[in-house]
Amino acid sequence: MRQTSIPLPAQHALRKLGRDLSLARRKRGISTSDMAARLFVSRDTLWRLERGDPGVSFGTVATAAFILRLHDRLANLASPGSDELALTLDERRVPQRIRRPRS
């Protein structure tokens, strides 16, 4: 993998995503040649995707998720209902007391 300015935790997440996509492909019995053809990419690009290379286009990742029938998970990646940090921040912003306006 080439040197990037991507934070280390993001690099780890991409590598895990690549490994998971590779495992999903293999569990479905799809060869690298067939998967690459369905993605309209070279086998080298598929291998880069499965290694978590950040240079692979997001469109290729999304198409791979679709082929493997995992696109619903991708669609909910940043869902507000499962964004724990945002939910925590929302809770902190709730006032302790509600004061009635003076008349």
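Above this note sits the structure.
Cut-off values and rules
- Residues numbered from 1 in each chain as written.
- Predicted model: local features only at pLDDT ≥ 70, side-chain atom pairs only at ≥ 80, totals over all residues.
- Heavy atoms only, no water.
- Helix = DSSP H or I, 4+ residues; strand = E, 2+ residues; numbered from the N terminus.
- Rg over C-alpha atoms; globule rule 2.2 N^0.38 Å.
- Buried < 20%, exposed > 50% of the residue type's maximum accessible area, 1.4 Å probe, protein only.
- Polar contact = N/O pair within 3.5 Å; in protein donor to acceptor, adjacent residues only side chain to side chain.
- Contact = heavy atoms within 4.5 Å.

### Concerning the overall build of the protein chain
Secondary structure summary: the protein chain contains six helices and zero strands in total. The helix and strand sequence of the protein chain, counted from the amino end, reads α-α-α-α-α-α. Taking 103 residues into account, the globule formula puts the C-alpha radius of gyration at 13 Å, and the protein chain, at 20 Å, lies well above it. Expressed along its principal axes, the backbone C-alpha trace of the protein chain runs to roughly 75 × 30 × 20 Å.

### Structural notes on the side chain of Arg25
Within the secondary structure layout, Arg25 lies in helix H1 (residues 8-27). Judged by relative accessible area, Arg25 falls into the buried class, the value being 6%. Within the local environment of Arg25, its side chain forms a polar contact with the backbone oxygen of Ile30, the two atoms lying 2.8 Å apart. When neighbours within four sequence positions are excluded, Arg25 is seen to be in contact with Ile30, Ser31, Thr32, Met35, Leu46, Glu50 and Leu68.

### Some words on unusual backbone geometry
Despite not being glycine, Phe40 shows a phi value in the positive range, around 60°. Mapped onto the secondary structure, Phe40 falls in the loop between helix H2 (32-39) and helix H3 (43-51). With relative accessibility at 77%, the residue Phe40 sits in the exposed group. The residue Arg69 is not glycine, and still its phi comes out positive at about 60°. With respect to the helices, strands and loops of the structure, Arg69 is situated in the loop between helix H4 (58-67) and helix H5 (71-75).

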